[in-house]
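Observations on the three-dimensional arrangement
Here is what each chain is made of, one letter per residue.
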Amino acid sequence: MPAPSVRFDPSLLYAECSRCKAPVLWMANPSEDLLWMGIPAGSLDADCLLLYEGCPNCSPEKKTYEARFIRFGHRRELPASH
């Protein structure tokens, strides 16, 4: 019997400000931003990240911040050094 698939919880997706590099914390689930970008929540994993163009830390005068979705490539294991 195949193992059940584990879904990645969108609320665990890391988000960072591209300007000041501070982590961005949401008051709500980031699923709405992902929905507007056309990213299905079922396609997320730990190699995904949201980068915001500003945040309350560096741009407190703004009410909304544009987000970009980034998926890192598969990681290669480096050979052990001797």
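Let us look at the structure shown here. Computed from a predicted model, the values in this text were never measured in an experiment. (Residues numbered from 1 in each chain as written. Predicted model: local features only at pLDDT ≥ 70, side-chain atom pairs only at ≥ 80, totals over all residues. Heavy atoms only, no water.)

1. Quick notes on the environment of R68
Rule in force here: For the purposes of this entry, the term helix denotes a DSSP run of H or I that reaches at least four residues, the term strand denotes a run of E that reaches at least two, and both are numbered from the N terminus. Burial classes follow relative accessibility: with a 1.4 Å probe on protein chains only, a residue under 20% of its type's maximum area counts as buried, one over 50% as exposed, and anything between as partly exposed. Residue contacts are defined here by distance: any two heavy atoms, one from each residue, within 4.5 Å place the two residues in contact. In the analysis that follows, any N or O atom pair within 3.5 Å is treated as a polar contact, provided that within protein one partner can donate a hydrogen and the other can accept it, and provided that, for residues neighboring in sequence, both atoms belong to side chains.
With respect to the helices and strands, R68 occurs in strand 3 (residues 67–71). A residue is classified by how much of its surface remains accessible, and R68, at 41% relative accessible area, is partly exposed. In sequence terms R68 and L49 are 19 residues apart; their C-alpha atoms lie 8.3 Å from each other. Residue contacts for R68: discarding those within four places in its chain leaves S18, M37, L49, L50, L51 and E53. Side chain to side chain, R68 and E53 meet in a polar contact 3.3 Å long.

2. A short note on the sheet that holds strand 1 (residues 14–17)
Where we set the bar: Whether two strands pair depends on DSSP finding at least two bridges between them. All axes here are fitted lines through C-alpha atoms, helices being fitted over the stretch that makes contact, and every angle between N-to-C directions spans 0 to 180 degrees.
On the basis of which strands lie adjacent, the open sheet formed by three strands has the order 1-2-3 and mixed pairing. Since the sheet does not close on itself, it has two edges, and those belong to strand 1 and strand 3, each with one partner. Across the sheet, the mean angle from the axis of one strand to that of its neighbour is 25°, orientation sign disregarded. Two elements, strand 2 (residues 48–52) and strand 3, share five bridges in a ladder whose sense is antiparallel. The residue bridging C48 from the neighbouring strand is R71, located in strand 3.

3. Points about the environment of P30
Inspection of the secondary structure assignment puts P30 in the loop between strand 1 and helix 1 (31–37). A C-alpha to C-alpha distance of 6.4 Å links P30 and P10, two positions 20 residues apart in sequence. Excluding residues within four positions of it along the chain, P30 makes contact with P10, S11 and L50.

4. Focus on the side chain of S18
Positionally, S18 belongs in the loop between strand 1 and helix 1. Look past the residues within four positions of S18 in its chain and what remains in contact with it is L51, Y52, E53 and R68.

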